[in-house]
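Close look at the chain arrangement
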Amino acid sequence: MFFTARRALAPILVVLGLAAAPASAATTQHVNYTLSFLGHTYFDAVIYEEDTSTETGLRVVRDQAPLAEADDIWGLPRLFPEFSIGDTLSFSALLSLPDLEGKQAGTATFCRLGGLACDQGDPLAFYNAASSAFALAYGPNSLFYGILTPGSVLSWDFASWTCSEDNSSCGPTLTTARTASGDVADWGIMRAQFAVIEAPAPIPLPASALLLPVGLAGLAALRRRRKGAIAA
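For clarity, every value in this text was computed on a predicted model and none was experimentally measured. (Residues numbered from 1 in each chain as written. Predicted model: local features only at pLDDT ≥ 70, side-chain atom pairs only at ≥ 80, totals over all residues. Heavy atoms only, no water.)

1. Brief notes about the overall build of the chain
A count of helices and strands for the chain gives three helices and 14 strands. Expressed as a percentage of its 232 residues, the buried residues of the chain come to 37%. Relative to all contacts within the chain whose residues are 6 or more apart in sequence, the contacts with residues 24 or more apart total 61%. (Helix = DSSP H or I, 4+ residues; strand = E, 2+ residues; numbered from the N terminus. Buried < 20%, exposed > 50% of the residue type's maximum accessible area, 1.4 Å probe, protein only. Contact = heavy atoms within 4.5 Å.)

2. Some details on the packing of aromatic side chains
Between two aromatic rings, the relevant description is the distance of the centres plus the angle of the planes. Applying the stated criterion across every chain yields a total of 13 aromatic pairs. Between the aromatic rings of Phe-91 and Phe-144, the centroid separation amounts to 5.4 Å while the plane-to-plane angle is 70°, which identifies the pairing as edge-to-face. Highlighted residues: Phe-91 in strand S3 (residues 88-97) and Phe-144 in strand S8 (residues 142-147), separated in sequence by 53 residues. This pair shows no difference in class: Phe-91 is buried, exactly as Phe-144 is. Here the aromatic cluster, defined as three or more aromatic residues joined through ring pairs, consists of Phe-37, Phe-80, Phe-83, Phe-91, Phe-134, Tyr-138, Phe-144, Trp-156 and Phe-194. (Phe/Tyr/Trp six-rings, centres within 6.5 Å; stacked < 30°, edge-to-face > 60°.)

3. Examining the nonpolar core
Formed by 27 residues in total, the largest nonpolar core has its most connected members in Phe-91, Leu-113, Leu-136, Phe-144, Trp-156 and Phe-194. If you tally residues by element for this core, the top one is S3, at five residues. Once residues within four sequence positions are removed from consideration, Phe-144 is found in contact with Phe-91, Leu-113, Phe-134, Ala-135, Leu-136, Tyr-138, Leu-154, Ser-155, Trp-156 and Phe-194. (Core = buried A, V, L, I, M, F, W, Y, C linked by side-chain atoms within 4.5 Å.)

4. Considering the pattern of salt bridges
Throughout the structure, instances matching the rule amount to seven salt bridges. Of the charged contacts in the structure, one is a salt bridge between Glu-69 and Arg-78, with a shortest N-O distance of 3.6 Å. Of the residues examined, Arg-78 reaches a relative accessible area of 25% and is grouped as partly exposed. Three or more residues joined by partner-sharing salt bridges are found here, namely Glu-49, Asp-51 and Arg-59. (Salt bridge = Lys/Arg side-chain N within 4 Å of Asp/Glu carboxyl O.)

5. As for the environment of Gln-29
Along the chain, Gln-29 falls in strand S1 (residues 27-50). You can call Gln-29 buried: its relative accessible area is 18%. Sequence-wise, Gln-29 and Leu-100 are 71 residues apart; in three dimensions their C-alpha atoms are separated by 8.2 Å. Residues contacting Gln-29, with those up to four places away along its chain left out, are Ala-93, Leu-94, Leu-95, Leu-97, Leu-100 and Tyr-127.

6. Details of the state of the cysteines
Summed over all chains, the structure comprises two disulfides. Each disulfide pairs two cysteine sulfurs, and for Cys-111 the partner residue is Cys-118, the sulfurs being separated by 1.9 Å. Its S-S torsion of approximately -90° makes the covalent link between Cys-111 and Cys-118 left-handed. Across the disulfide, Cys-163 is cross-linked to Cys-170 (sulfur-sulfur distance 1.8 Å). As the torsion about the S-S bond is roughly 105°, the Cys-163-Cys-170 disulfide counts as right-handed. (Disulfide = S-S within 2.5 Å.)

7. Comments concerning unusual backbone geometry
One non-glycine residue with positive phi stands out, namely Asp-44, at about 55°. Summarising the element assignment, Asp-44 is placed in strand S1. Relative accessible area serves as the criterion here: at 40%, Asp-44 is assigned to the partly exposed category. The phi torsion at Asp-122 lies on the positive side, around 50°, for a residue other than glycine.

8. Thoughts on the pairing of S8
The element S8 is largely enclosed, with a buried count of five among its six residues. In this structure, strand S7 (residues 133-138) lies alongside S8, joined through six bridges in antiparallel fashion. In the sheet register, Phe-134 faces S8, and the bridge partner there is Gly-146. Between S7 and the antiparallel strand that follows it, S8, lie three residues; Gly-139 among them carries a positive phi value of about 65°. Pairing between S8 and strand S9 (residues 153-158): four bridges, direction antiparallel. From the neighbouring strand, Phe-144 faces S9, where its bridge partner is Trp-156. The turn joining S8 and S9, which pair antiparallel and follow one another in sequence, is formed by five residues; a positive phi near 95° is taken by Gly-151. (Pairing = 2+ DSSP bridges.)

9. Quick notes on the side chain of Asp-99
With respect to the helices and strands, Asp-99 occurs in the loop between S3 and strand S4 (106-113). At 3.3 Å, the side chain of Asp-99 and the backbone nitrogen of Gln-104 are in polar contact. (Polar contact = N/O pair within 3.5 Å; in protein donor to acceptor, adjacent residues only side chain to side chain.)

Listed below in structure tokens is the structure:
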């Protein structure tokens, strides 16, 4: 199952300069950013309403185009119903990584997104320190990825993937669900997106810490004078 997921998600990992490989000795990388929630998008979305005059009992009212959350008048299911468009969220994660080039898969030992635990499910973690590209892969259906720099957009994709028998190609299968309006919706990928607003500012040292080098220099000078007095 993981092989199928890796094959399906491989194009995204390649674009980010990341790739899955056997793990080796781990290092720790802490990421901590402020995000703004941009909302959900449903790709290949089709909306049906009940119509007893048709053979299927349904009639298409919207067909085959990305549907943004802001334009969703039917109330499709949400990947993150807790978040509203424009919400400011914190994203913090502690990644245990075999390298800082994104060539090998590590793990997320801690992950919080807007107060939600994003380390559940033991996601595979990837991070490239040079490009700030990262990804968290949650089994075959879910991937959180992007570039961790202010002004970039992070995406969280959720879909069921189907691959050919030889695993040479993969694509999302349609998800079907009832909407809040009672209609029926199909879509391929549900994507939630977050704008990276800023990285946290470095924590300033207290004034006492800034005076520490001066104090150490004074102690060293005093010690030299004492040694000189003893020698005399």
